[in-house]
Amino acid sequence: MPAIVTASQLRSILGVSASLYNDAYLDDVLDSAESVILPMLVTYKSPVAKAELSDNVATFTTQGDHPFSVGQSVVVAGVSATFNGTHTVTDVSDDHTEFTAAITAADVKQFNVIPAGSATLSGASTYVGNSAVESAILSVSVQIFQNRTAGGGAIEGVDFTVTPFRMSRGLLSSVSGLLGPYLDVETMVQ
């Protein structure tokens, strides 16, 4: 299910009716666009090195500074069944290497998480309402939609030039200007 742009927004941009292309079809197009765009963006993720549970308060120690604030929803994974899941941050240490969350379970002494688990801001909610990211997803969605509906995947421009490579690397280049401030530079060197 798309998180940032709705099927009705895409339908409005494309100028198509619901009877011609239903929400499920347009949601699939949007999911494809989000799966291309979102992995390139900063996800606000930190590796979890240690965990502890005392009096229903879980303390997570991260490897280095984390970007979380009190009240944010964080998805913890790869730690253990007791700790994994979505939690609301209740406190952050002064040096931003620890955060706490309420978990109701038996106490667990501090342990090292090997290999490191992860703590990530919940979902794509960080970018909901961000007009640059919405525009990039809409742009890529339109290209995907047109590629699916054009015969042979080739679309003829107003100058009668055939553009068969709409789904190439150029697709990402066409929206990189919009996404510039939000790109995760670490993904570029992997």
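The preceding data block contains the structure.
Residues numbered from 1 in each chain as written. Predicted model: local features only at pLDDT ≥ 70, side-chain atom pairs only at ≥ 80, totals over all residues. Heavy atoms only, no water.

A.B. asks: Is there a simple way to think about the overall build of the chain in this case?
C.D. replies: When you go through the chain residue by residue, the secondary structure sums to 5 helices and 8 strands. The order of α-helices and β-strands along the chain, N terminus first, is α-α-β-β-β-β-β-β-α-β-β-α-α. When burial is assessed residue by residue, the chain has 38% of its 190 residues classed as buried. Look at the contacts in the chain between residues 6 or more apart in sequence, and 67% of them connect residues 24 or more apart. Approximately 10300 Å² of the chain is accessible, and the part contributed by carbon and sulfur atoms is 53%. (Helix = DSSP H or I, 4+ residues; strand = E, 2+ residues; numbered from the N terminus. Buried < 20%, exposed > 50% of the residue type's maximum accessible area, 1.4 Å probe, protein only. Contact = heavy atoms within 4.5 Å. Areas by Shrake-Rupley, 256 points an atom, 1.4 Å probe, with all protein chains shown as cover.)

A.B. asks: Where do I start with the pattern of salt bridges in this structure?
C.D. replies: Opposite charge on two side chains permits pairing when their charged atoms draw close. Taken as a whole and judged by the stated rule, the model has 2 salt bridges. Taking the shortest distance from any N to any O, the salt bridge between Arg 11 and Asp 23 comes out at 2.9 Å. Of the two residues, Arg 11 is situated in helix 1 (residues 7-14) and Asp 23 in helix 2 (residues 23-37); the sequence distance between them amounts to 12 residues. For Arg 11, a relative accessible area of 12% corresponds to the buried category. (Salt bridge = Lys/Arg side-chain N within 4 Å of Asp/Glu carboxyl O.)

A.B. asks: What exactly am I supposed to notice about the sheet that holds strand 6 (residues 108-121) here?
C.D. replies: Sheets are built from strands that pair by backbone hydrogen bonding, the pairs being arranged parallel or antiparallel. Reading around the circumference, 1-2-5-4-3-6 is the order of the 6 strands in this closed barrel, with antiparallel pairing throughout. Each strand of the sheet is rotated relative to its neighbour by a mean of 45 degrees, with strand direction disregarded. Direction of pairing for strand 1 (residues 45-54) relative to strand 2 (residues 57-62): antiparallel, over a ladder of 6 bridges. Bridge pairing links Leu 53 to Ala 58 in strand 2. (Pairing = 2+ DSSP bridges. Axes fitted to C-alpha atoms, helices over the stretch in contact; angles between N-to-C directions.)

A.B. asks: What am I meant to see in the nonpolar core here?
C.D. replies: It is characteristic of soluble globular proteins that their nonpolar side chains tend to be buried jointly. Counting residues in each nonpolar core, the largest one holds 27 residues, and the members touching the most others are Leu 10, Ile 37, Leu 41, Ile 137 and Leu 179. Mapped onto this core, the elements with two or more residues apiece are helix 1, helix 2 and helix 3 (131-149). Among the elements that make up this core, the one with the highest residue count is helix 3 (8 residues). When residues no more than four places from it in sequence are discounted, the contact partners of Ile 137 are Ile 4, Val 5, Leu 30, Ala 33, Glu 34 and Ile 37. One finds Phe 60, Val 79, Val 92 and Leu 121 within the second-largest nonpolar core, a separate group that totals 18 residues. (Core = buried A, V, L, I, M, F, W, Y, C linked by side-chain atoms within 4.5 Å.)

A.B. asks: Sorry, what's going on with the packing of helix 1 against helix 3 here?
C.D. replies: When two helices pack together, their arrangement is captured by the angle between the axes and the distance separating the axes. In contact at an axis separation of 11 Å, helix 1 and helix 3 are set at 65 degrees when each is read in the N-to-C sense. Relative to helix 3, the element helix 1 lies roughly perpendicular. Every pair of crossing elements has a handedness; the one defined by helix 1 and helix 3 is right-handed. Note on element contacts: helix 3 touches helix 1 through Leu 138, Ser 141, Val 142 and Phe 145, opposite Leu 10, Ile 13 and Leu 14. (Parallel < 35°, antiparallel > 145°, perpendicular 65-115°, else oblique. Left-handed = near helix turned anticlockwise from the far one by under 90°.)

A.B. asks: Would you mind showing me how to read helix 1 here?
C.D. replies: Buried within helix 1 are the following residues: Ala 7, Leu 10, Arg 11 and Leu 14. End-on, the buried residues of helix 1 take up no more than an arc of 105 degrees, which puts them together on one face. The exposed residues of helix 1 that point more than 90 degrees off its buried face are Ser 12 and Ile 13. Among the structural elements, helix 2 and helix 3 are those in contact with the buried residues of helix 1. Once helix 1 finishes, Gly 15 follows within two positions and takes phi at roughly 70 degrees, a positive value. (Arc of directions from axis to C-beta.)

A.B. asks: What is the right way to read the packing of aromatic side chains from this model?
C.D. replies: Working definition: an aromatic ring pair is given by the centre-to-centre distance plus the angle between the planes. According to the stated counting rule, one finds 8 aromatic pairs in the structure shown. Ring centres of Tyr 21 and Tyr 25 lie 5.3 Å apart, and the angle between their planes is 35 degrees; on these two criteria the pair is classed as tilted. Plain terms: the ring middles of Tyr 25 and Phe 145 are 6.3 Å apart, the flat faces sit at 80 degrees to each other, and that makes the pair edge-to-face. Taken together, the positions of Tyr 25 in helix 2 and Phe 145 in helix 3 put the pair 120 residues apart, joining distant regions of the chain. Under the relative-accessibility criterion, Tyr 25 is labelled partly exposed at 27%. Exposure remark for Phe 145: the relative accessible area of 7% places this residue in the buried category. Geometry around Tyr 25 places Arg 148 over its ring, the cationic atom sitting 5.7 Å from the centre. (Phe/Tyr/Trp six-rings, centres within 6.5 Å; stacked < 30°, edge-to-face > 60°. Lys NZ or Arg CZ within 6 Å of the ring centre and 35° of its normal.)

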